[in-house]
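Working through the structure, step by step
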Amino acid sequence: MTEVVAALIWENGRFLICQRPAEKMLGLFWEFAGGKVEPGETLEQALVRECREELGITIQPEAPFMELTHEYPTLTVHLTLFSAHIAEGRPQKLEHNDIRWITPEEIPQYSFCPADEVILQKLRTME
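Computed from a predicted model, the values in this text were never measured in an experiment.

About the criteria used
- Along each chain, residue indices are assigned from 1 in the same order as the chain's sequence is written.
- Two thresholds apply to this predicted model, a pLDDT of at least 70 for residue-level local features and 80 or more for giving and counting side-chain atom pairs, whereas whole-chain, interface and lining totals are computed over all residues.
- Each side-chain value is worked out from all heavy atoms of the structure, with water and hydrogens disregarded.
- Basic side-chain nitrogens of Lys or Arg form a salt bridge, by our definition, when they fall within 4 Å of a carboxyl oxygen of Asp or Glu.
- Numbering of helices and strands starts at the N terminus; helices are DSSP runs of H or I of at least 4 residues and strands are runs of E of at least 2.
- For each residue, the accessible area found with a 1.4 Å probe, counting protein chains only, is set against the maximum for its type, and the residue is called buried under 20%, exposed over 50%, and partly exposed in between.
- Values of pLDDT, which run from 0 to 100, indicate the predictor's confidence residue by residue.
- Any two strands between which DSSP finds at least two bridges are classified as paired.

1. Some points on the pattern of salt bridges
Applying the stated criterion to the full structure yields eight salt bridges. The shortest N-O distance in the salt bridge between R14 and E106 comes to 3.1 Å. Separated by 92 residues along the polypeptide, R14 in strand β2 (residues 14-19) and E106 in the loop between β7 (98-102) and α2 (117-125) bring together distant segments of the chain. By relative accessible area, which is 33% here, R14 ends up partly exposed. Measuring nitrogen to oxygen at the nearest pair gives 3.0 Å for the salt bridge that ties R20 to E31. Of the two residues, R20 is situated in the loop between β2 and β3 (30-31) and E31 in strand β3; the sequence distance between them amounts to eleven residues. Residue R20 is classed as buried on the basis of its relative accessible area, which comes to 15%. Bridged by salt links that share partners, the residues E38, E41, R49, E50 and E53 form one connected network.

The structure is reproduced here in structure tokens:
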């Protein structure tokens, strides 16, 4: 099982989503910023590193928003999604095809990675 972390970053009633590069697995699907936890890292350390690498920002992880396990055909991931806020910087497209700030109402307009569906359902019901 692959340990993965992601950030639910809110700003002015919108949250940040990122579009995967076309050449990667699940290319052009939308997701939350984050990635794989490397050996010796805590979940929070991995999330801070991934957001710096992918978006050029420093984030402050808060409480876990949700945890889930998802089985893809070739990979099983255990995902911990942290609520987080930006401590420094403005998000930049360093690794993603696109990035956007969206409201929960706008979720149906985007094709997300299958592992994120349970999270998106929870976001839609929080309003």
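2. Notes on the confidence of the model for the chain
For the chain, per-residue confidence averages 95 on the pLDDT scale, and residues scoring 70 or more make up 99% of the total. Mean pLDDT across the secondary structure elements of the chain bottoms out at α2, with 94, and peaks at β7, with 98.

3. Things to note about the pairing of strand β6 (residues 76-88)
Two elements, strand β1 (residues 2-11) and β6, share eight bridges in a ladder whose sense is parallel. Opposite A6, over in β6, you have L81 as the bridge partner. With eleven bridges joining them, strand β5 (residues 58-71) and β6 adopt antiparallel strand pairing. In the sheet register, T58 faces β6, and the bridge partner there is E88.

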